[in-house]
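So the chains spell out like this:
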Amino acid sequence: MLFNSAAVAARHAQAAYGAERVAIVDFDVHHGNGTQDIFWDDASVLYGSTHEMPLYPGTGALSERGEHDQIVNCPLRAGDGGEAFREALGAASCRVLRRSARISSSFRRAFDAHRLDPLANLNLVEADYAWATRRLMAAADKSCNGRVVSLLEGGYDLDGLSRSAAAHVAALMGA
Ligand SMILES: [Zn+2]
């Protein structure tokens, strides 16, 4: 059996903590097709994603926007680096969070868009993940009293993964 931990976390925030809306911002290099599918027609869960395209699983085009226009896909191309990533993530988080009044945020982080990662072809470095973390924390400060849940799901080069995770956690701690 396979569980979608971001979806479980979003539903738990709603059921146990009374969050009306939850935003999931996903910067895994692979599109979160399961998350998008689960919440496709659910106006209470917003989903924003940056990912390489074309790449497995093949979904995540700009035109995929959900039944309530609450899904924002910002695909990146093979070879893209930090600049394109920052622009896309900024757009994804802005557009998702603009639609939410009171939300709890959650973000799914996987560090497989790192330049060392063997499964994809983006060229991010630790500083890009630290930037993304601070950007999402600032957005959460504005929209949901800074409430952020971070989920780690991937990263397939151990050196790139460990350095990216350390940069992410340091940014979460305010470093
Ligand atoms: Zn991935």
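Below is a short write-up of the structure. (Residues numbered from 1 in each chain as written. Predicted model: local features only at pLDDT ≥ 70, side-chain atom pairs only at ≥ 80, totals over all residues. Heavy atoms only, no water.)

**Structural notes on the packing of aromatic side chains**
In step 1: Counted according to the given criterion, the structure contains 5 aromatic pairs.
In step 2: Each ring, one from Phe27 and one from Phe111, has its centre 6.3 Å from the other, and the planes form 45°; the classification is tilted. Residue Phe27 is found in the loop between strand S1 (21–26) and helix H2 (33–38), and its partner Phe111 is found in the loop between strand S4 (103–110) and helix H4 (126–144); the two are separated by 84 residues along the sequence. Summarising the burial analysis for this pair, Phe27 and Phe111 share the class buried.
In step 3: Taken together, a centroid distance of 6.3 Å and an interplanar angle of 65° make the contact between Phe85 and Tyr129 edge-to-face. Placement of the pair is Phe85 in helix H3 (residues 82–98) and Tyr129 in helix H4, with a sequence separation of 44 residues. With respect to burial, Phe85 and Tyr129 carry one shared label: buried.
In step 4: What links up through ring pairs into an aromatic cluster is the set Phe27, Phe85, Phe111 and Tyr129. (Phe/Tyr/Trp six-rings, centres within 6.5 Å; stacked < 30°, edge-to-face > 60°. Helix = DSSP H or I, 4+ residues; strand = E, 2+ residues; numbered from the N terminus. Buried < 20%, exposed > 50% of the residue type's maximum accessible area, 1.4 Å probe, protein only.)

**A few points about helix H5 (residues 158–172)**
In step 1: With 15 residues, H5 extends 21 Å between its outermost C-alpha atoms, agreeing within 8% with the 21 Å of an ideal straight helix rising 1.5 Å per residue.
In step 2: When we look at burial in H5, the residues that qualify are Gly160, Leu161, Ser164, Ala165, Ala167, His168 and Ala171. Buried residues along H5 cover an arc of 165° about the axis, so they all sit on one side.
In step 3: A positive backbone phi angle near 90° is found at Gly174, which sits one or two residues after H5. (Expected span 1.5 Å × (residues − 1). Arc of directions from axis to C-beta.)

**Digging into the coordination of the zinc ion**
In step 1: With distances of 1.9 to 2.8 Å, the protein atoms coordinating the zinc ion are Asp28 (OD), Asp28 (OD), His30 (ND1) and Asp112 (OD).
In step 2: In this structure, the zinc ion is coordinated by 4 donor atoms arranged in irregular fashion, with angles at the metal of 51 to 145°.
In step 3: Here the donor residues of the zinc ion share one chain and are spaced in sequence as D-x1-H-x81-D. Of this pair, His30 sits in the loop between S1 and H2 while Asp112 is found in the loop between S4 and H4, placing the two residues 82 residues apart along the sequence. (Donors = N, O, S within 2.8 Å, 3.2 Å for Na, K, Ca; no water. Tetrahedral: all angles 85-135°; square planar, octahedral: opposite > 155°, others 65-115°.)

**Focus on the pattern of salt bridges**
In step 1: Under the criterion given, the structure shown has 5 salt bridges.
In step 2: The partner of Arg65 in a salt bridge is Asp69, and the shortest N-O contact between them spans 2.7 Å.
In step 3: Classification of Arg65 as partly exposed rests on a relative accessible area of 36%.
In step 4: Salt-bridge contacts for Arg163 lead to Glu126; the nearest nitrogen and oxygen are separated by 2.8 Å. A residue pair is termed long-range when its members are at least 10 positions apart, and Arg163 in helix H5 and Glu126 in helix H4 qualify at 37 residues. (Salt bridge = Lys/Arg side-chain N within 4 Å of Asp/Glu carboxyl O.)

**Points about the packing of H3 against H4**
Any two packed helices are characterised by how steeply their axes cross, that is the angle between the axes, and by the distance between the axes.
In step 1: Relative orientation of the contacting elements H3 and H4 amounts to 15°, with a least axis distance of 11 Å. One finds that H3 runs roughly parallel with respect to H4. Of the two elements, H3 crosses H4, and the hand of that crossing is right-handed. Contacts between H3 and H4 involve Gly82, Phe85, Arg86, Leu89, Gly90, Ser93, Cys94 and Leu97 from the first element and Ala127, Asp128, Trp131, Ala132, Arg135, Leu136, Ala139 and Ser143 from the second. (Axes fitted to C-alpha atoms, helices over the stretch in contact; angles between N-to-C directions. Parallel < 35°, antiparallel > 145°, perpendicular 65-115°, else oblique. Left-handed = near helix turned anticlockwise from the far one by under 90°. Contact = heavy atoms within 4.5 Å.)

**So, the nonpolar core**
In step 1: In terms of nonpolar packing, the biggest core is built from 27 residues, with Phe27, Phe85 and Leu89 touching the most fellow members.
In step 2: Looking at this core, the elements with two or more residues in it are S1, strand S3 (71–76), H3, H4 and H5.
In step 3: Tallying contributions element by element places H3 first for this core, with 6 residues.
In step 4: Beyond its immediate chain neighbours, meaning those up to four positions away, Leu89 contacts Val25, Phe27, Thr50, Trp131, Ala132 and Leu136.
In step 5: In this structure, Ala13, Ile24, Val45 and Ile71 belong to the second largest nonpolar core, which totals 12 residues. (Core = buried A, V, L, I, M, F, W, Y, C linked by side-chain atoms within 4.5 Å.)

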